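Summary of the model geometry
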Amino acid sequence: MIVSTSKNAGVASISVDNPPVNALGSAVRDGLGHALADAADDATVGAIVIACRGRTFFAGADITEFGQPRTGLQLPELCDRIEACPKPVIAAIHGTALGGGLEVALACHYRIATGSAKLGLPEVKLGLLPGAGGTQRLPRLIGIAAALKIAALGSPISAGEALASKLIDRLAGEDSLIEEAAALAREVAAVRPLPRTSERPVSPDAGAVSAFRKEHARRFRGFEAPDAVIRAIEASTLPYAEGRLIERAEFDRLLAGAQSGALRYLFFAERQAAKIDGLDPSAKPLPLALVGVVGAGTMGGGIAMNFLSIGIPVRLVDLNADSLARGVAVMRKNYEATAAKGRLTNGQVEAAMSLLTPDPALAALADCDLIIEAVFENIEVKRDVFQKLDSVAKPAAILATNTSYLDVDVIAQTARRPGRVLGLHFFSPANVMRLLEVVRGKATEDAVLATAMVIARRIGKIAVVARVCDGFIGNRMLKPRQLQAIELLMEGVAAERVDRVITEFGMPMGPLQLADLAGVDIGWHRDPKRIETLRDALCAAGRWGQKTGKGFYDYDAARRPSPSAEADRLIAQFAKERGYVPREVSDREILERCLYPMINEGAKILDERVAQRASDIDVVWTAGYGWPSYLGGPMYWASQVGLRTIVAGLEQHAARLGPAFSLSPLLAQRAAAGKGFQA
Ligand code: 3H9
């Protein structure tokens, strides 16, 4: 029974059990509709409680139903029936009341929640808006400014905050929600008129709306849903029925749009990425009580913060005492900056820092369950560190390298426990970026992989499994794009034009801005007389990127870029020496030449099984490289554009894609069959 009712002393308790998250699919909606009608008709019932079994209150509409023909009782109508019920209806909330789940609660006359519950309207993250009255009822309860934060940013609030803003009426004990909800039901059974949210007034707040738009303009760039949410919330000042019509029209428009399709695809892609095909189901994650990090640079410090922030003690080792002290100071500064923004309390900062033990000797790592190496990106340096780690670490410890492109198998060979070695590729800043590439070596044991996935989840990362290859998934695909960007410069295209085309597409920065940020000198041979590539020419002139104040651009003291006459001259001179003649290049060609080779590389990655599935590649690029999530990731985007178009573009530009370019057989085959990358 998905929906069941028990009646006791005048209270009908409707209980929903639809694992895993009590999504409001058609069976749930129909069941609720019937149970509600039955309770309303039953003269022995004075009040009704709606609660859920399992780990959570309704987590929203069933996302898998979107795009399918609508069947049964629809959620907006169910919410209206709840609110119109002549007997008080109480929502008893635990876990997460999200999206349609919160809309059901808003339609109830009273709301009671456990202290650990969270309430939110995350539809905007799926490219949608709350379509069952949420944009109209929420501002009526808590005001326009507070409603905007919840619905247009999509971040849930705690039960405590919900109580303070009068979104809920009462807090309940963690183990006594049902009893306390029933007690509240009895208490209010005879109270009339019923508090119907849709009947409450709402005051216009144009100032709050325009301030909100301004504050979040950057975050909302390119996304359609936030603006629709804001407009729907503004419409809550109209008579309720009119506002509802606007909400519904916006919901239907977004649901049919490309952005929501892409974002819903990514929702499931992110969850799918956590699953490793063929993993031995009996492989149990290993315990993790103490973590070691080697290298107190930006990366090592950021990695350590992930664990400290969730209460796991970290031993941070750097053989250079100055670097160690500097690293610890930077971590503290980062925590304090977060506290200054109000996102941590001073107590939390101190609690995290108190779990950190800096030490200049590797021997300090002897008891660690997991040791992550984040030293200089050089295979010999890493091998040396691994050999030493292997001798100090306890036999069961997992040894991880944070390399971004080196061969994890070669590093693993230096240890006597290659099965316990893997790559954990964090992205900078490691305490902020959501992506973690988990690199599976030839010998990595299933239990070690399973542990990595659990750890990733605990520290709030989205993990994607990759097999060993140069650059794994993300950096391997980045390479052909960066090469094309340089090639375009040689053909006479200005750096700022290449970057503009890519940022207009939706990426947060262009290829040359990225090169300057990462360091033009990464991997440079350091011989200023040996000039074989454009990069060599720039590096020889000290143009190493932001860190030297000049790269493809010139930078001022605040690191603001401006076009560089010197870089342009160096580029033109180098190109001339290599026989390039400047040519006219359209924006479209810039886009195709930067992006299509990435898709080609992605197809090879898929073909070689470096990535388990196309959607994993999309997760890497959206979570780690700023690919706009409303375009679903490179492989999804390419499938929407049409693989035939991609192949035709690659063939058209083949002569300029360099001698190393070859068309991926998988891409060619899928294109010929008229298919996309999705199975
Ligand atoms: C909406 O409500 C629209 C309405 O306003 C208007 C309608 C007219 N549907 O995330 P997890 C699956 S839009 C279907 O790993 P957690 C998920 O795919 C909705 N399936 O668990 C996964 O499946 P699998 C607004 C769903 O504990 C499994 O459940 N609501 C849904 O880390 C476990 O999920 C949202 O956007 C769903 N709604 O986190 C909330 N939700 O095992 C979306 C989950 O096969 N959900 N699944 O991989 C969440 O944010 C998280 O799932 C939640 C639990 C926080 C609830």
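The structure contained in this document is the topic of the report that follows. (Residues numbered from 1 in each chain as written. Predicted model: local features only at pLDDT ≥ 70, side-chain atom pairs only at ≥ 80, totals over all residues. Heavy atoms only, no water.)

1. Description of the sheet that holds strand β10 (residues 291-294)
- With respect to topology, eight strands assemble into an open sheet ordered β12-β11-β10-β13-β14-β15-β16-β17, the strand pairing being mixed. Among the strands making up the open sheet, the edge pair consists of β12 (356-359) and β17 (462-467). Across the sheet, the mean angle from the axis of one strand to that of its neighbour is 25°, orientation sign disregarded.
- For strand β14 (residues 398-401) and strand β15 (residues 421-426), the ladder comprises three bridges, and the chain directions are parallel. Looking at β15, one finds that Thr 401 is bridged to Gly 423.
- Across the sheet, helix α18 (residues 446-458) touches β13 (370-373), β14, β15, β16 (435-440) and β17, and the angle it forms with β16 is around 175°. (Pairing = 2+ DSSP bridges. Helix = DSSP H or I, 4+ residues; strand = E, 2+ residues; numbered from the N terminus. Axes fitted to C-alpha atoms, helices over the stretch in contact; angles between N-to-C directions. Contact = heavy atoms within 4.5 Å.)

2. Some details on the pattern of salt bridges
- Taken as a whole and judged by the stated rule, the model has 47 salt bridges.
- With a shortest N-O distance of 3.1 Å, Arg 81 and Glu 77 are connected by a salt bridge. Of the two residues, Arg 81 and Glu 77 are both situated in helix α2 (residues 75-84); the distance of four residues between them amounts to about one turn of the helix.
- Relative accessible area serves as the criterion here: at 39%, Arg 81 is assigned to the partly exposed category.
- Between Glu 234 and Arg 213 there is a salt bridge whose closest N-O contact spans 3.6 Å. Of this pair, Glu 234 sits in helix α10 (residues 225-234) while Arg 213 sits in helix α8 (residues 206-215), placing them 21 residues apart in sequence.
- Residues participating in the shared-partner salt-bridge network are Arg 213, Asp 227, Arg 231, Glu 234, Glu 250 and Arg 253. (Salt bridge = Lys/Arg side-chain N within 4 Å of Asp/Glu carboxyl O. Buried < 20%, exposed > 50% of the residue type's maximum accessible area, 1.4 Å probe, protein only.)

3. Looking at the packing of aromatic side chains
- Here the structure, examined in full by the defined rule, presents 15 aromatic pairs.
- Ring centres of Trp 621 and Tyr 625 lie 4.4 Å apart, and the angle between their planes is 20°; on these two criteria the pair is classed as stacked.
- The exposure class of Tyr 625 is buried, given its relative accessible area of 14%.
- Its guanidinium or amino end placed over the ring of Trp 544, Arg 526 lies 5.0 Å from that ring's centre, counting from NZ or CZ. (Phe/Tyr/Trp six-rings, centres within 6.5 Å; stacked < 30°, edge-to-face > 60°. Lys NZ or Arg CZ within 6 Å of the ring centre and 35° of its normal.)

4. Topic: the packing of helix α20 (residues 495-505) against helix α21 (residues 511-518)
- Look at α20 against α21: their axes get within 7 Å of each other, and the N-to-C directions meet at 105°. Viewed along their axes, α20 and α21 adopt a mutual orientation that is roughly perpendicular. Two secondary-structure elements touch here, α20 through Ala 495, Val 498, Asp 499, Ile 502 and Thr 503 and α21 through Pro 511, Leu 512 and Gln 513.
- Across the contact of α20 with α21, the residue classes break down as five nonpolar, two polar and one charged. (Parallel < 35°, antiparallel > 145°, perpendicular 65-115°, else oblique. Nonpolar A, V, L, I, M, F, W, Y, C, P; charged D, E, K, R; others polar.)

5. Thoughts on the environment of Glu 608
- Mapping Glu 608 onto the fold places it in the loop between α24 (587-607) and α25 (614-624).
- With relative accessibility at 45%, the residue Glu 608 sits in the partly exposed group.
- When the C-alpha atoms of Glu 608 and Arg 467 are compared, they prove to be 9.1 Å apart, with 141 residues separating the residues in sequence.

6. A few points about the site of the ligand
- Neighbouring residues of the ligand: 28 residues in total, closest Glu 103, Glu 123, Arg 271, Lys 275 and Arg 457.
- One of the backbone N or O atoms of Ala 59 is found 2.8 Å from a nitrogen atom in the ligand.
- With respect to the ligand, the backbone of Ala 61 contributes an N or O atom lying 2.9 Å from an oxygen atom.
- Within the complex, 77% of the 1000 Å² of free accessible area of the ligand lies under protein.
- When residues of the shell around the ligand are traced back to their parent elements, those giving at least two are β5 (96-98), α3 (100-107), α11 (240-256) and α12 (258-273).
- Per-element tally for the shell around the ligand: the top contributor is α12, with three residues.
- Here the shell around the ligand is built from residues that sort into 15 nonpolar, five polar and eight charged. (Near = heavy atom within 4 Å. Polar contact = N/O pair within 3.5 Å; in protein donor to acceptor, adjacent residues only side chain to side chain. Areas by Shrake-Rupley, 256 points an atom, 1.4 Å probe, with all protein chains shown as cover.)

7. Observations regarding α18
- The first and last C-alpha atoms of α18 sit 18 Å apart over 13 residues, in line with the 18 Å expected at 1.5 Å per residue.
- Those residues of α18 not exposed but buried are Ala 447, Val 448, Leu 449, Ala 450, Thr 451, Ala 452, Met 453, Ile 455 and Ala 456.
- Residue Gly 460 follows α18 closely and has a positive phi angle near 75°. (Expected span 1.5 Å × (residues − 1).)

8. Here we look at the pairing of β17
- Here β17 lies mainly inside the structure; five of its six residues are buried.
- Here β16 pairs with β17 via six bridges, running parallel. The residue of β17 that forms the bridge with Arg 440 is Arg 467.
- Viewed along the sheet, the connection from β16 through α18 into β17 turns out right-handed. (Right-handed = clockwise from strand over helix to strand, strands pointing away.)

9. Details of the side chain of Glu 437
- Mapping Glu 437 onto the fold places it in strand β16.
- Of the buried charged residues, Glu 437 lacks a salt bridge, with Arg 476 as the closest side chain of opposite charge at 10 Å.
- In terms of polar contacts, Glu 437 uses its side chain to reach the side chain of His 425, at 2.7 Å.
- Reaching out from Glu 437, the side chain makes a polar contact with the backbone nitrogen of Gly 474 at a distance of 2.9 Å.
- If we ignore the near neighbours within four places in the chain, the residues touching Glu 437 are Gly 423, Leu 424, His 425, Phe 427, Val 464, Phe 472, Ile 473, Gly 474 and Val 620. (Lys, Arg positive; Asp, Glu negative; His and termini not counted.)

10. Topic: unusual backbone geometry
- Of note, the bond from Arg 192 into Pro 193 is cis; its omega dihedral lies within 30 degrees of zero at 0°.
- Mapped onto the secondary structure, Pro 193 falls in the loop between α7 (177-188) and α8.
- With an omega of -10°, the peptide bond between Ser 428 and Pro 429 qualifies as cis.
- Note that Pro 429 resides in the loop between β15 and β16.
- One non-glycine residue, Arg 526, lies in positive phi territory at about 70°.

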